Amino acid sequence: MSEAPRPRVAALALAVGLVLADSSIVVLALPEIYRELDASVAAVSWVLVSFNLVMALAAVPAAHLARRLGPGRAAAIGLAVFAGASLACALSEHLSTLIAARCIQALGGAAAVTAVLELLPATVGSERRAATIWATAGATGAALGPAVGGLLTELVSWQSIFLIQVPIAIAAAVPILAVARHEAATGVLSTELRQTGRPHLLANLALALISAAIAGALFLLVLLLIEGWRLSPIGAAIVVSVMPLCALLGSRVNGWVSSARARAAAGAILISGGLGGLALLPKAEVALTLPPQVMIGIGLALVLSALTETALGGRAPQAIHGGWTISARHAGVVIGILAVTPIFTHDIAQQRHDAIDAGTAVVLDSKVSPLLKIDLAQKIGDRLDEEKGKVPTIGPAFEPLPDDPGEREEVVQLREELQDQLNRGATHAFSPSFGIAALIGLLSLLPIGLARRVEL
Amino acid sequence: MSGERRGAILVGCAIVAAVVLVGVYLAAGGASYTPEKTQDPCKHRAWTNPEGLQEIAQQFTLSALDGAACQLGVSRETLARALATPEEREHFTERYDITDAQLAKAVRAGLLRAVDDAEEAGALSPVLAGPLRETLRDIPLDRAIELINNAESLLDQAQGILGPAQELLEGFLP
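Remember, predicted model here, so these are calculated numbers, not experimental data.

Trainee: How should I be thinking about the interface of chain A and chain B in this particular structure?
Mentor: As a measure of interface size, the accessible area lost when the parts come together is often cited. Counting residues at the interface gives 49 residues for chain A, matched by 38 residues for chain B. For the pair chain A and chain B, the summed buried surface comes to about 3400 Å²; carbon and sulfur atoms form 66% of the total. Interface area lost by chain A to chain B is led by Trp 256, Leu 280 and Arg 424 of chain A, which between them contribute 19%. Our enumeration of links across chain A and chain B arrives at 0 salt bridges. At the boundary of chain A and chain B, one finds 5 residue pairs in polar contact (both at pLDDT 80 or more).

Trainee: It is not clear to me how the state of the cysteines should be interpreted in this structure. Could you clarify?
Mentor: Taken as a whole, this structure holds 1 disulfide over all chains when the rule is applied. Here Cys 42 of chain B connects covalently by a disulfide to Cys 70 of chain B, the sulfurs 2.1 Å from one another. Residues Cys 42 of chain B and Cys 70 of chain B share a disulfide whose torsion about the S-S bond is about 105 degrees; that sign makes it right-handed. Pair noted here: Cys 42 of chain B is in the loop between α1 (3–27) and α2 (52–72) and Cys 70 of chain B is in helix α2, with a separation of 28 residues, a long-range link. Counting only cysteine sulfurs, Cys 13 of chain B is the nearest neighbor of Cys 246 of chain A, a cysteine outside any disulfide, at a range of 16 Å.

Trainee: Is there a simple way to think about the side chain of Thr 360 of chain A in this case?
Mentor: With respect to the secondary-structure elements, Thr 360 of chain A resides in helix α14 (residues 318–365). The exposure class assigned to Thr 360 of chain A is buried, which follows from its relative accessible area of 12%. Polar contacts involving the side chain of Thr 360 of chain A include one to the side chain of Arg 81 of chain B, which spans 2.8 Å. Residues within four places of Thr 360 of chain A in sequence aside, it is in contact with Leu 418 of chain A together with Glu 77, Ala 80 and Arg 81 of chain B.

Trainee: Help me out: how do you make sense of the packing of aromatic side chains in this one?
Mentor: We describe a pair of aromatic rings using the distance from one ring centre to the other and the angle between the two ring planes. Here the structure, examined in full by the defined rule, presents 3 aromatic pairs over all chains. Aromatic side chains Phe 430 of chain A and Phe 434 of chain A sit 6.5 Å apart centroid to centroid with 35 degrees between the ring planes, which places their arrangement in the tilted category. Here Phe 430 of chain A pairs with Phe 434 of chain A, and both are found in helix α16 (residues 405–443), just 4 residues apart, close to one helical turn. With a relative accessible area of 0%, Phe 430 of chain A lands in the buried category. Aromatic pair Phe 92 of chain B and Tyr 96 of chain B: ring centres 5.0 Å apart, planes at 45 degrees, arrangement tilted.

Trainee: Please clarify how unusual backbone geometry should be interpreted in this entry.
Mentor: Glycine aside, residues mostly have negative phi, and peptide bonds are mostly found in the trans state. Positive phi is not limited to glycine here, since Arg 230 of chain A has a value of about 65 degrees. Here Arg 230 of chain A lies in the loop between α9 (201–228) and α10 (233–240). With a phi angle near 55 degrees, Asp 97 of chain B is a residue other than glycine that sits in the positive phi range. Examined against the element boundaries, Asp 97 of chain B turns out to sit in the loop between α4 (86–96) and α5 (100–120). Residue Asp 97 of chain B is classed as exposed on the basis of its relative accessible area, which comes to 68%.

Basis of the calculations
Residues numbered from 1 in each chain as written. Chains lettered and ligands numbered in written order. Predicted model: local features only at pLDDT ≥ 70, side-chain atom pairs only at ≥ 80, totals over all residues. Heavy atoms only, no water. Contact = heavy atoms within 4.5 Å. Buried area = accessible area lost by both parts, 1.4 Å probe. Salt bridge = Lys/Arg side-chain N within 4 Å of Asp/Glu carboxyl O. Polar contact = N/O pair within 3.5 Å; in protein donor to acceptor, adjacent residues only side chain to side chain. Disulfide = S-S within 2.5 Å. Helix = DSSP H or I, 4+ residues; strand = E, 2+ residues; numbered from the N terminus. Buried < 20%, exposed > 50% of the residue type's maximum accessible area, 1.4 Å probe, protein only. Phe/Tyr/Trp six-rings, centres within 6.5 Å; stacked < 30°, edge-to-face > 60°.

Geometric values such as these leave the question of function open.
Okay, here's the thing in structure tokens:
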């Protein structure tokens, strides 16, 4: 242990942030991936689901492995596997190979994250402080993931999301190698093997439910912004960055209120309220997503830290209980995405049909000349064919605008009315799914409330 | 302030924020922000004082679409898109399990309803309406669809039935 703790703590936190960012970093890239790899929304959601599913299944076994093998070696190997799989993700040309690489990435990530929790107490000198750093790094990574992924997708490509993780994982692994070398040289593990206590069932159940609600929120909001309202990935990244910014604000409240149960309950209520707001958007305007996002961001900081602290508090060994929280959170993400995807894909097909019907009515009843109507109808039909299965952008069908000022005004008005109908359809298609995510969030209040006597 | 009190305040604030947000969005019309429902094609739609051949033709087309859609049990808008191209029509008949004969019958019924509506609105003289009905009763499907898409030609055809002069037809129209 010759290195100063500070760079090692930074490396350990970076490793946790990097791996947990991966549970959400591809969210903004999904539309790009499914266009480039010619997949459906349901199929491409497995890029997200596979990673979270493997994390959920592998976290606890990985924590046991870390304790047997030595956390330094487990973290270093985990990060190396994660880096290699990230490279494979970037080089994937088919959805199947991308999903397979994501599974391997999750295996490496699970080993690294749980091993780090075993390394942190020895590095920072206290289990409580270690748990706080670990939970904060994980929440920051998960919250920043979508915005970073969106920026990289827009500025470079979706592949760059994975490529950039390779040097970061290697950089995080370098300081950890010293611990791994020490373990290999001495054969002594830096942590004693203690009896594993039972995981905190209620806290982990609440974590799973709230993670399902948050995953639904992120996944749906990104799809609404990009596929429904046609924002660019960078535009959507800027919009959804409100959530991590507000999460930072929310983390300051954590110090003001000591009761973990109150923070968990308040966080769950804020997240559910925010999701309820997204389910009831009164117009297709980005500004209207901001108040719900503020509430979700603050709620996220409150509930995740409170539940993670509770699940780890006074429990040993930390890696195993950390593994349970990782497992619960990622299982929640999987449940959230799998629960809302079929509802959302069914609703978007129905709303697309209703919006096109309403749009056709607008064209039929408009005052433009019949010849222009027929011309417009053909162009609109072509747009619908080009964007089969999606909510179409109708603007190009109206280009070029007529030269006659009166006719131009009528056509512009027609375009706006038609786009309004499509916006209504696109926005409403997401409402039931946001509503279900809100209900799942509210459901987490049950284990939080039941844990009253257990002191959550 | 005790920790418990701070916790209660935090939970109270969260409840208020959630209720206010949902309430404001509901009051702003969040529950009704959906695509407008299309009208029932079987319900009569009044003609809106058309002026000139072009506007009458438009109203005529809409009435014909309503009549045909009513008979087929689909919306006017769905039928309008189905009749736009032969490919769309084929897709439509497959999807709704409709034969060409059923479609032809419905389109003819729609055209006849349009003649009735035009007559009722005072946009078409009974002198023109009678021969038009006769023409439409046995019209082939492709021609009927063509007429729905371009009702002006139908009214021109009516002129052909009655006499040579364009002015004569215009004379019958308001």
